[in-house]
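Single-letter residue listing:
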Amino acid sequence: MAPLSDLIHPVLLCGGSGTRLWPLSRKSYPKQFARLTGDESLYQASARRLSGAGFAAPTVVAASDFRFVVIEQLAALKIQPGCVLIEPEARNTAGAIAAAALALEARRPGALMLVAPSDHVIPDADRFRAAVQAAAPAARAGQIVTFGIRPDRPETGYGWLELSTPTADFAPEPQPLRSFVEKPDLATAERLLSGGMHLWNAGIFLFTTTAILEALERHAPEVLAPVRQAVEAAEKDLSFTRLAPGPWADLPDISIDYAVMERAENLTVVPYAGAWSDLGDWQAVWRDAPPQEGGVVLSGPATAIDCHDSLLQATNAAQQLVGIGLTDIIAVAMPDAVLVAHKDRAQEVKRAVAALKAKGVEQAETLPRDYRPWGWYESLVKGPRFQVKRIVVTPGATLSLQSHHHRAEHWIVVEGTAKVTIDNQVTLVTENQSVYIPLGARHRMENPGKVPLTLIEVQTGAYLGEDDIIRYEDVYARGQGARG
């Protein structure tokens, strides 16, 4: 095992909303936690890639709503995080990285930290780890190292990095970084690609806590000062560390590129020539998936007839998505929303999200399935004074002891066994049995079994919103409100 001083400490940033992958990725459950490319989520794949020999337990920076998701998905990989920092609100990457550096510096002064977004796809994990190890000596010497991806097309959706020395094979050898290039227009991107002196900016960095904190102090003190206050006044919440919301509110919304990287002088770039994608939009999903005949990519219950260079993705077994005579089309069907767009305009999907938000449409940000620390639920039918849900509770999980002002509930168990508390009465409810919870009754549901508990909940009442919950006891310490 490597000495503690030699370990690389991964920092996984989980704050992105992934709006350009709407409707699959939404604010209520963004793309990094979804299974887009296999059996693991992008976040899980990132955590696995940055684990093992030479790597310490990861630091995770996430929003409060996803604090249990990040823990559960790591637990499925048998990875224990070193620290989970909860951001009071999204403030871009500069603040998140500063908080992670301060928290790590308190535990391991001068530690080497590798900052990576949690939603990238890097199929060759060994090759990427080798590039990180090649960059480590420069980072330990005080350099701020950024990783540049060998470009294969004139991409206008990424920033670019200018090399100081030509490289024939893009070997992972550190060299001084000459400059950053903002997202270019197509003509500029074509020139950068043909010149052979530029790489894509992946937003992945390696540096010591000392180097990045000194850089923040010099170039972005307006970022470091409130973050330092937020870390010093942070509170423990179960296994999480909640950054103080007061100082955090004064933090500028700025990326680490603008705050530090474009101003610092001790910059090194390491080329990476392996496969990489940030899955930033649906065209990237189409490009990175193995195509079928005619360049068509199918996912789920989808059928293509005389289609070319298109993506058809359906997410529900109860629906069938059929495309006829399509060329360069993205079609994504979910139970509550459908996207149809020309492939060349995939980056404009966020405009659709903004338009839906302006109309007050809940599909803009909310998925039909809502994930909670005890499992998940989804709404099946909703009317003026009733709602029918399917609820799945994982083995051993417990919902909060709660009551409602405006609704009564009827639970029908269809799989497993529920331990149900209604006021002072506790009963076991098994498959094909039901129980009624009157309006105002204090109630709780537990899954004492070894298999998932599935039940159908019928709500009736004048108001059925998720914020009509009064919590009296909760093993997850969520407090009041819809999600707590």
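Residues numbered from 1 in each chain as written. Predicted model: local features only at pLDDT ≥ 70, side-chain atom pairs only at ≥ 80, totals over all residues. Heavy atoms only, no water.

**Student:** Please provide a residue-by-residue account of the nonpolar core, values included.
**Tutor:** Leu114, Phe147, Ile204, Leu206 and Trp282 are the most contacted members of the largest nonpolar core, which has 89 residues in total. Per element, the largest residue contribution to this core is seven residues, and it comes from helix H4 (residues 125-140). Formed by 50 residues, the second largest nonpolar core is a distinct cluster that contains Ala96, Leu161, Trp248 and Met261. (Core = buried A, V, L, I, M, F, W, Y, C linked by side-chain atoms within 4.5 Å. Buried < 20%, exposed > 50% of the residue type's maximum accessible area, 1.4 Å probe, protein only. Helix = DSSP H or I, 4+ residues; strand = E, 2+ residues; numbered from the N terminus.)

**Student:** Kindly report on the packing of aromatic side chains, identifying the contributing residues and their values.
**Tutor:** Remark: the centre distance and the inter-plane angle together describe each pair of aromatic rings, the angle taken between the planes. All told, the structure shown has twelve aromatic pairs when counted by the stated rule. Look at Phe33 and Phe66: their rings are 5.4 Å apart centre to centre, the planes differ by 40 degrees, and that puts the pair in the tilted class. Of this pair, Phe33 sits in the loop between strand S1 (8-13) and helix H1 (42-49) while Phe66 sits in the loop between strand S2 (59-63) and helix H2 (67-76), and the two are 33 residues apart along the sequence. Accessibility expressed as a relative area gives 2% for Phe33, which makes it buried. Look at Tyr158 and Trp200: their rings are 5.1 Å apart centre to centre, the planes differ by 70 degrees, and that puts the pair in the edge-to-face class. (Phe/Tyr/Trp six-rings, centres within 6.5 Å; stacked < 30°, edge-to-face > 60°.)

**Student:** So what's going on with the domain arrangement of the chain? Which residues, and what values?
**Tutor:** Along its sequence, the chain is organised into domain 1 (9-272), domain 2 (289-359) and domain 3 (369-473). Relative to domain 2, the C-alpha centre of domain 1 lies at a distance of 30 Å. With eight residues of domain 1 at the interface, the matching set in domain 2 holds 14 residues. With both sides pooled, the region where domain 1 packs onto domain 2 buries about 1000 Å², and carbon together with sulfur makes up 67% of that total. Interface area lost by domain 1 to domain 2 is led by Arg20, Trp22 and Pro23, which between them contribute 60%. Counting across the domain 1 and domain 2 interface gives one salt bridge. Put simply, Arg26 and Asp336 hold a salt bridge, and the shortest N to O gap is 2.8 Å. Taken together, the connections running from domain 1 to domain 2 amount to two residue pairs in polar contact (both at pLDDT 80 or more). (Domains from an automatic or database assignment. Contact = heavy atoms within 4.5 Å. Buried area = accessible area lost by both parts, 1.4 Å probe. Salt bridge = Lys/Arg side-chain N within 4 Å of Asp/Glu carboxyl O. Polar contact = N/O pair within 3.5 Å; in protein donor to acceptor, adjacent residues only side chain to side chain.)

**Student:** Which residues make up the UniProt feature "domain: Nucleotidyl transferase" (unreviewed entry) in the chain, and what values do they have?
**Tutor:** Under the UniProt annotation, the feature "domain: Nucleotidyl transferase" (unreviewed entry) is placed at residues 10-287. Overall, residues 10-287 shows 36% helix and 22% strand. The separation of its end C-alpha atoms is 28 Å. (UniProt positions renumbered as here; feature names shortened; annotations may be inferred.)

**Student:** Give me the lowdown on the UniProt feature "domain: MannoseP isomerase/GMP-like beta-helix" (unreviewed entry) in the chain, citing residues and values where you can.
**Tutor:** UniProt records the feature "domain: MannoseP isomerase/GMP-like beta-helix" (unreviewed entry) for residues 304-356 in the present numbering. End-to-end, the C-alpha atoms of residues 304-356 are 28 Å apart, and along that stretch the chain is 15% helix and 42% strand.

**Student:** Pulling in residues and values, what's your account of helix H3 (residues 92-107)?
**Tutor:** Helix length check: H3, at 16 residues, gives a terminal C-alpha distance of 24 Å against a target of 22 Å (1.5 Å per residue), a fit within 8%. Regarding H3, the residues found buried are Ala94, Gly95, Ala96, Ile97, Ala98, Ala99, Ala100, Ala101, Leu102, Ala103 and Leu104. (Expected span 1.5 Å × (residues − 1).)

**Student:** Please set out the environment of Ala101 residue by residue, giving values where relevant.
**Tutor:** Structurally, Ala101 can be placed in helix H3. For Ala101, a relative accessible area of 0% gives the class buried. In sequence terms Ala101 and Thr209 are 108 residues apart; their C-alpha atoms lie 5.3 Å from each other. Those residues in contact with Ala101 that lie beyond four places of it in its chain are Met113, Thr209, Ile212 and Leu213.

**Student:** If you had to explain a nonpolar patch on the surface to someone new, which residues and values would you point to?
**Tutor:** Where nonpolar side chains cluster on the molecular surface, the patch consists of Ile305, Val322 and Ile324 and spans about 280 Å² of accessible area. Looking at the element boundaries, Val322 is found in strand S15 (residues 321-324). Of the residues examined, Val322 reaches a relative accessible area of 47% and is grouped as partly exposed. (Patch = residues over 30% accessible without salt bridge, like charges linked within 9 Å, V, L, I, M, F, W, Y side chains within 5 Å. Areas by Shrake-Rupley, 256 points an atom, 1.4 Å probe, with all protein chains shown as cover.)

**Student:** Describe the pattern of salt bridges, listing the residues and the values that go with them.
**Tutor:** A full pass over the atoms with the stated rule returns 20 salt bridges. We note a salt bridge from Asp237 to Arg242, for which the minimum N-O separation is 2.7 Å. Looking at Asp237, the relative accessible area reads 11%, which means it is buried. Salt-bridge contacts for Arg407 lead to Glu409; the nearest nitrogen and oxygen are separated by 2.9 Å. Each member of the pair, Arg407 together with Glu409, is buried. A cluster of three or more residues bridged by salt bridges with shared partners is formed by Asp370, Arg372, Lys389 and Glu466.

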